[in-house]
Amino acid sequence: MKSEVRNLVKEYTGQGGQKTRALSDVSFTFESGELISITGKSGSGKSTLLKILGGQIPFDGGSAVIEGVALENATAKSLSGYRNTKIGLVYQDFMLVDDISVIENVMLPLYFRKMPQSERYKKAAEVLTAVNMKDKANRKAGTLSGGEKQRVAVARALVKNPAVILADEPTGALDVANGAAITELLFEINAKGKTVIIVTHDEELADKCRRKIVLSDGKITKIR
């Protein structure tokens, strides 16, 4: 399935009413199953673009149709459904709940679905196995290393069986070895058919992706 972003515009209003344009006339398409990096300097609009693709923030112009969902026409309810079924999010700072167990963290997205507790537990255990974290299932998330936390965050994104994984600087808080392991994990997920879009400052990681989108001052300057 083709997803399409056309002439996307995003503005922020600062104190005093001054507007800053974060994205300007951003256009690109991608097919299901692609591996894409979005790169550029700090302030180029990378994370803003990812948040729009994830249905987390609105935009001010243009259109975005992701996996058949037209985001510019979506109600709050349909955007919530989109985030819970189509999109899996991985953050730089993991966004785990430290004082509950690993498996409870992974199960959190499934509480919005009508399924028995036993089924939620089974799905969470399956994805923890897939990211080699099943043996830590009952540990408190706050006791894990950074690399382990990011694996749990990836599992939490996968548990919904989303069409698209959006990863915002997924290796940014990790050392070289753990960063490489998380990169390999995301690439393995893509190889199994998931669309994976990675925002990164890491040019080496960006270049390993099959497609690379470069942003500067809110505009696309290069698509490879």
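Residues numbered from 1 in each chain as written. Predicted model: local features only at pLDDT ≥ 70, side-chain atom pairs only at ≥ 80, totals over all residues. Heavy atoms only, no water.

*Asks:* Just to check I follow, could you spell out the overall build of the protein chain for this structure?
*Replies:* Assigned secondary structure in the protein chain consists of seven helices and ten strands. Its C-alpha atoms give the protein chain a radius of gyration of 17 Å, near enough to 17 Å, the size a compact globule of 224 residues would have. Projected onto its principal axes, the C-alpha positions of the protein chain cover 50 × 40 × 40 Å. Here the protein chain holds 224 residues, and the buried ones make up 49% of them. Within the protein chain, residue pairs in contact and separated by at least 24 positions form 68% of the contacts whose partners lie at least 6 positions apart. Summed over its atoms, the accessible surface of the protein chain is roughly 10,800 Å², and 50% of this surface lies on carbon and sulfur atoms. Across the protein chain, 33 positive and 26 negative side-chain charges occur, with their mean positions spaced 4 Å apart. (Helix = DSSP H or I, 4+ residues; strand = E, 2+ residues; numbered from the N terminus. Rg over C-alpha atoms; globule rule 2.2 N^0.38 Å. Buried < 20%, exposed > 50% of the residue type's maximum accessible area, 1.4 Å probe, protein only. Contact = heavy atoms within 4.5 Å. Areas by Shrake-Rupley, 256 points an atom, 1.4 Å probe, with all protein chains shown as cover. Lys, Arg positive; Asp, Glu negative; His and termini not counted. Charge placed at Lys NZ, Arg CZ, Asp CG, Glu CD.)

*Asks:* Help me understand the sheet that holds strand β1 (residues 2–13), please; the structure alone is not making it clear to me.
*Replies:* Within a sheet, each strand pairs with its neighbour through backbone hydrogen bonds, oriented either parallel or antiparallel. Read from one edge to the other, the open sheet built from four strands follows the order β2-β1-β4-β5, with strand pairing classed as antiparallel. Each edge of the open sheet is held by one strand with a lone partner, namely β2 (19–31) and β5 (69–70). Taken together, the nine bridges between β1 and β2 define a ladder with antiparallel strand orientation. Bridge pairing links L8 to V26 in β2. Taken strand by strand, helix α1 (residues 46–53) contacts β1, β2 and β4 (61–66), and its axis lies near 60° from that of β2. (Pairing = 2+ DSSP bridges. Axes fitted to C-alpha atoms, helices over the stretch in contact; angles between N-to-C directions.)

*Asks:* Would you mind showing me how to read the nonpolar core here?
*Replies:* Within soluble globular proteins, side chains that are nonpolar generally end up buried alongside one another. The biggest cluster of nonpolar side chains holds 37 residues, and the ones touching the most others in it are V106, L128, V154, I165, L186, I189 and I198. Mapped by element, the contributors of at least two residues to this core are α3 (102–107), α4 (117–130), α5 (146–158), β7 (164–168), α6 (176–191) and β8 (195–199). The leading source of residues in this core is α5, at six residues. Setting aside residues no more than four positions away along its own chain, L128 makes contact with V102, I103, V106, M133, K134, A137 and A155. Grouped together as the second largest cluster of nonpolar side chains are 26 residues, I52, I66, V164 and V199 included. (Core = buried A, V, L, I, M, F, W, Y, C linked by side-chain atoms within 4.5 Å.)

*Asks:* Just to check I follow, could you spell out a nonpolar patch on the surface for this structure?
*Replies:* Taken together, the side chains of V97, L108 and Y111 present a nonpolar region at the surface, about 230 Å² in accessible area. Residue position: V97 is located in the loop between β6 (87–90) and α3. (Patch = residues over 30% accessible without salt bridge, like charges linked within 9 Å, V, L, I, M, F, W, Y side chains within 5 Å. Salt bridge = Lys/Arg side-chain N within 4 Å of Asp/Glu carboxyl O.)

*Asks:* Looking at this model, I keep getting lost on the sheet that holds strand β10 (residues 219–223). Mind explaining?
*Replies:* Spatially, β6-β7-β8-β3-β9-β10 is the arrangement adopted by the six strands of the open sheet, whose pairing is mixed. In this open sheet, the two strands that pair with only one neighbour each are β6 and β10. The average angle at which neighbouring strand axes cross in this sheet is 20°, direction not considered. Note: β7 against β8, five bridges, orientation parallel. In the strand pairing of β8, D168 is matched with V199.

*Asks:* How should the pairing of strand β9 (residues 211–216) be read in this particular structure?
*Replies:* In regular strands, side chains alternate between the two faces of the sheet. The element β9 is largely enclosed, with a buried count of five among its six residues. Bridge analysis of strand β3 (residues 35–39) against β9 gives four bridges, and the strand direction is parallel. Paired with I38 across the bridge in β9 is I213. Across four bridges, β9 lies against β10 in antiparallel orientation. Its bridge partner being in β10, L215 is matched across the sheet by I220.

No statement about biological role is implied by the geometric values presented.
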